[in-house]
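Architecture and fold: a report
What follows is the residue order along each chain.
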Amino acid sequence: MSNSFYITTPIYYVNDKPHIGHAYTTIAADVITRWHRMNGREAYFLTGTDEHGQKVFEAATKRGISAKAHVDEMCEPFKALWAALDIKNDDFIRTTETRHTSVVSDVLQRLFDEGDIYTADYEGWYSTSAERFWTEKDLVDGKCPDTNTKVEWIKEKNYFFRMSKYADKLRAHIADNPDFLQPASRKNEVLGYLKKDVGDLCISRPKARLPWGIPFPMDAEYVTYVWFDALLNYISAIGYHPDGSTDAFEKWWPASYHLVGKDILTTHSVYWSTMLFAMGLSPAKCLYAHGWWTIEGQKMSKSIGNVVDPHLLIDCYGSDAVRYFLMREIQFGADGDFSHAGLMTRYNADLANDLGNLAHRALSMTSKWLGGAVPALDANTAADDALQAVSDAAVADYRVQIEGMHIATALGSLWRLVQAGNKYIDDMEPWRLNREGQTERLAGVMRRCLEICRVAAVLLSPVAPNKGLELAQKLGVKSLDVADVQLLSGLVADTPVAPGEPLFPRMLALPERIQAVLDEVVPSTVKTVAKVSHKKKPKQEAKVAEETTTIEEAATIEEATTIEEFIQFEDFMKVKLKVGEIVSAEKHPNADRLLALMVEVGEDRPRSIVAGIAAKYVAEDLIGKKIVIVANLKPRKLRGVLSEGMLLAASGTELEGLITVDPGVNPGSSVG
Ligand code: MSP
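Because the structure is a prediction, the values reported are computed rather than measured.

**Let's talk about the overall build of the protein**
Counting its secondary structure elements, the protein contains 24 helices and 26 strands. Dimensions of the protein along its principal axes, counting C-alpha atoms only, are 95 × 55 × 45 Å. Counting all 672 residues of the protein, 55% fall into the buried class. At a minimum sequence separation of 6, the contacts of the protein that also span at least 24 residues come to 74%. Carbon and sulfur atoms make up 52% of the accessible area of the protein, which totals about 28700 Å². Side chains of the protein carry 75 positive and 91 negative charges; the gap between the two charge centres is 2 Å.

Shown next, in the form of structure tokens:
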């Protein structure tokens, strides 16, 4: 693998405010770049804005300002979003910069001199809104098939790029370079396109019609077609020049990846590759076309009013969680649907629960029982060997997947390890080891749990850089070193560790600002579901629906103890009581009288139980207590936190105390 890695995103049109579609590609490029940098490769990551064209000119005219003043203003929101999303691009190119326009101009002259650009009369149906010509059969009801606006018949002289001349070379290039077009389905699409006759490309627009473009050097009456101009950004930014390029260009080209949306596959695979051939250059090593996001099941569009502003998501969830969600939710390449309920569900399930619990349990038990420092390893048991094998496999798979651009699958591999970590805690029962005074084993077990947190911190960091670092800091790890990251022995014994604040606090209900957006734009979907909680509903939305439960409706300890009617023995037998051990406890984020507990009951993971005992107990004092829970009570949310059981307690007019159990009884034992 060569040591230099060059990745690009499309350059975004400045006539739109940046939305999650734009954020998606840019985040993916950032994730991959961070990964390669962590692995010691030199990387260059380019993004930017596409600033010429009809729409930009019209928007500026409407505002009564110059096109230049307009684009200077309109590129800023992109830069601001990249900063808010922790995007670490090396360069941001604007097609109105001289370093770009001069290259476009010189390439036009060179290709004209060499005969690959020529003039001819062009006739066709022209759509101003789509900025392109159509043939008669393309039109739908006599209108532009893209924008459904009127078209006019135009006959004019234009400049053409001899694209047809390079079509065979492109066909051969695709055949010889199986990784060039990805995913494979996209390759078939391009091959389908290339089955037809590939014509030449009209690359000029008369200045009279479109004054806002790069002028043709050999004909001031014409400006360059926006795509011919825009595609050249990928090489103008890194120092290409037809008369001699910089060393930087030689170093970075051909790019490792052009990431593009599926809608701009043809322009990149056919127009751009043939342009490069004409310039005597090779295409990028890989053109990766990703899918499109719909929003709550609908196409994202300004007219529907459902365009998702990434800043809103960042404000509500933080940049790391937004990045994680967009990368985890759909496979890079496939289409997917964005839903606010889906984001909150995944946030809670993956980040707050799986990863958050692992970190919290590992760090708080180490703090409570082992003096808050990285404990020493003990000799491996079979269970420890098995855990190491999971880590080996997860890290190896993560590496393969992320390098193949399958970011969602890579995260899935990491999560297998996180889940294995939680299961390891359940199986090893550190609370029992502590109780039985098996200090050496307890230390070894907790050490391995902390090690998994370290692996998670490192592998999470390309996707969620701040949280990766935060978790590493909690573990006393200074650098996110990926070499041999899988070995569950990388921490330094005796380094102080501390649980601190939760990495990803649970999200109790959709943030008010998001709910307000949904109320406005999606009246028929999420809003209704949120109120009807008992109808059969899609899994993701179910959790939001349950948010409607309030503490008043909920089964509390007090209610349970005031029932005095006789019941049948069979009725009593329906109640399953179990012994549980409290493994973590914290204040309920949304209710003063409640505590949110994690209770070990001998299952594959501890249960989350909300209890109205805050008036009597301080959260930390509960860790390690053995209590009795009602285990078959239907789970429900209490003020937004899932409660999967109820604690038994003694109470008169107020709560007197929890029913506790002999320390020797194992969690999970039945009571009765
Ligand atoms: N300016 C051209 C690209 C020139 S590259 C030399 C352009 N710009 S764009 O702003 O319209 O689109 C940029 C990217 O955003 C495209 O890759 C497009 O696929 C992507 N997306 C726009 N909406 C999207 C979704 N709803 N979902 C995912 N990506 C989407 O095209």
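**Points about helix H15 (residues 382–403)**
For H15, spanning 22 residues, the distance from its first C-alpha to its last is 32 Å, which sits close to the expected 32 Å at 1.5 Å a residue. In this fold, the buried residues of H15 make contact with helix H1 (20–38), helix H16 (407–428) and helix H18 (439–460). One or two positions beyond H15, positive phi appears at methionine 405, with a value near 75°.

**Overview of a nonpolar patch on the surface**
A cluster of nonpolar side chains, Phe572, Met573 and Val575, forms an exposed patch at the surface whose accessible area comes to about 260 Å². Inspection of the secondary structure puts phenylalanine 572 in helix H24 (residues 569–574).

**Quick look at the packing of aromatic side chains**
Tallied over the entire structure, the rule returns 31 aromatic pairs. Ring geometry for tyrosine 12 and tryptophan 82: centres 5.8 Å apart, planes at 55°, overall tilted. Of this pair, tyrosine 12 sits in strand S1 (residues 4–13) while tryptophan 82 sits in helix H4 (residues 76–84), placing them 70 residues apart in sequence. Tryptophan 82 matches tyrosine 12 in its accessibility class, with the two residues each being buried. A centroid spacing of 6.0 Å and a plane angle of 85° characterise the contact between tyrosine 347 and phenylalanine 504, whose relative ring orientation is edge-to-face. Taken together, the residues tyrosine 347 in helix H14 (residues 340–370) and phenylalanine 504 in the loop between helix H19 (465–474) and helix H20 (512–521) connect sequence positions 157 residues apart. Exposure remark for tyrosine 347: the relative accessible area of 5% places this residue in the buried category. Taken together, the aromatic side chains of Tyr6, Tyr44, Tyr234, Tyr240, Phe249, Trp252, Trp253 and Trp272 make up a single cluster linked through ring pairs. Above the face of the phenylalanine 92 ring, lysine 79 is positioned so that its terminal group lies 5.1 Å from the ring centre.

**Considering the nonpolar core**
Formed by 108 residues in total, the largest nonpolar core has its most connected members in Tyr317, Leu326, Met327, Phe338 and Leu459. No other element matches the 14 residues that H18 contributes to this core. When residues of this core are assigned to domains, at least three fall in each of domain 1 (336–534) and domain 2 (539–671). Sequence-distant contacts of leucine 459, defined by excluding residues within four places in its chain, comprise Trp35, Val395, Tyr398, Leu414, Val482 and Val485. Formed by 59 residues, the second largest nonpolar core is a distinct cluster that contains Val190, Trp253, Ala278 and Leu287.

**What to know about the state of the cysteines**
Counting across every chain of the model gives zero disulfides. With no disulfide of its own, cysteine 144 lies 16 Å from the sulfur of cysteine 202, the closest cysteine sulfur.

**Quick word on the site of the ligand**
Around the ligand sit 23 residues, and of these Ile11, Asp50, Gly261, Asp263 and Trp293 come closest. For the ligand, an oxygen atom lies 3.4 Å from a polar atom in the side chain of histidine 22. Relative to its unbound accessible area of 660 Å², the ligand is 94% covered by the protein chains. Those elements that provide at least two residues to the shell around the ligand are S1, H1, helix H8 (226–231), helix H9 (233–236) and strand S12 (257–261). Of the residues forming the shell around the ligand, the biggest block, four residues, is contributed by S1.

**Details of the sheet that holds strand S6 (residues 152–161)**
Strand order in the open sheet formed by four strands is S5-S4-S6-S8, and the pairing between neighbours is antiparallel. On the outer flanks of this sheet lie strand S5 (132–134) and strand S8 (201–202), each paired with one strand and no other. Bridge count between strand S4 (residues 117–127) and S6: 10 bridges; the pairing is antiparallel. If you follow aspartate 121 over to S6, its bridge partner there is lysine 157.

**Structural notes on the pattern of salt bridges**
In total, this model carries 41 salt bridges according to the counting rule given. Its salt-bridge partner being glutamate 581, residue lysine 626 comes within 4.0 Å of it at the nearest N-O pair. Of the two residues, lysine 626 is situated in strand S20 (residues 626–630) and glutamate 581 in strand S17 (residues 577–587); the sequence distance between them amounts to 45 residues. What you see here is one network of salt bridges that share partners, running through Glu51, Lys68, Asp72 and Arg94.

**Here we look at the sheet that holds S1**
Taken in spatial order, the six strands of this open sheet run S3-S2-S1-S12-S13-S7, and their pairing is parallel. Only two strands of the sheet have a single partner each, and these edge strands are strand S3 (91–94) and strand S7 (181–182). Pairing analysis gives two bridges linking S7 to strand S13 (residues 287–290), with the strands arranged parallel. By the bridge assignment for S13, glutamine 182 is matched with tyrosine 288. H1 rests against S1, strand S2 (42–50), S12 and S13 of the sheet, and its axis sits at about 170° to S1.

**Some remarks on the pairing of strand S19 (residues 607–611)**
Along S19, five of the five residues are buried, which leaves the element largely enclosed by surrounding structure. Of the two faces of S19, the one carrying Arg607, Ile609 and Ala611 and the one carrying Ser608 and Val610 are both buried. As paired elements, strand S18 (residues 595–600) and S19 share five bridges and run antiparallel to each other. Bridge assignment links leucine 595 to a residue of S19, and that residue is alanine 611.

What counts and what doesn't
Per chain, residue numbering runs from 1 following the sequence as it is written. pLDDT decides what is reported in this predicted model: residues at 70 or higher carry local features, side-chain atom pairs at 80 or more are listed and counted, and totals for whole chains, interfaces and linings draw on all residues regardless. Hydrogens and water molecules were not included; the side-chain quantities draw on all heavy atoms of the structure. We count a stretch as a helix when DSSP gives it H or I for four or more residues in a row; a strand needs E for two or more, and each element gets its number in order from the N terminus. Only protein chains enter the accessibility calculation, which uses a 1.4 Å probe; a residue is then buried when its area is under 20% of its type maximum, exposed when over 50%, and partly exposed in between. Between two residues, a contact is recorded if the distance between any of their heavy atoms is within 4.5 Å. All accessible areas in this document rest on Shrake-Rupley with a 1.4 Å probe, and a residue is counted as covered only by the protein chains that are shown. Counted charges follow a simple rule, with Lys and Arg positive, Asp and Glu negative, and His plus the chain ends left uncounted. To locate a charge, take atom NZ for lysine, CZ for arginine, CG for aspartate or CD for glutamate. Every helix has an expected span of 1.5 Å times one less than the residues it contains. Patch criteria: residues need more than 30% relative accessible area and no salt bridge. Like-charged residues are merged within 9 Å; nonpolar side chains of Val, Leu, Ile, Met, Phe, Trp and Tyr are merged within 5 Å. Salt bridges, as used here, are contacts in which a Lys or Arg side-chain nitrogen is within 4 Å of a carboxyl oxygen on Asp or Glu. The criterion for an aromatic pair is that two Phe, Tyr or Trp rings (for Trp, the six-membered ring) have centres within 6.5 Å, with stacked assigned to planes under 30 degrees apart, edge-to-face to planes over 60 apart and tilted to the rest. In our convention, an over-ring charge means Lys NZ or Arg CZ found within 6 Å of a ring centre and within 35 degrees of that ring's normal. Definition used in this section: a nonpolar core is a set of buried Ala, Val, Leu, Ile, Met, Phe, Trp, Tyr and Cys residues joined via side-chain atoms within 4.5 Å. The split into domains, and so the bounds of each, comes from an automatic or database assignment of domains. Note that a disulfide, as used here, is simply two cysteine sulfur atoms within 2.5 Å. Any residue with a heavy atom positioned within 4 Å of a molecule or strand is treated as near that molecule or strand. Any pair of N or O atoms that falls within 3.5 Å is considered a polar contact. Within protein, one atom must be able to donate a hydrogen and the other to accept it, and sequence-neighbouring residues count only if both atoms are side-chain atoms. Two strands pair under a simple rule: DSSP has to find at least two bridges between them. The angle between two axes is taken between their N-to-C directions and runs from 0 to 180 degrees, where each axis is a line fitted to C-alpha atoms and a helix contributes only its stretch in contact.

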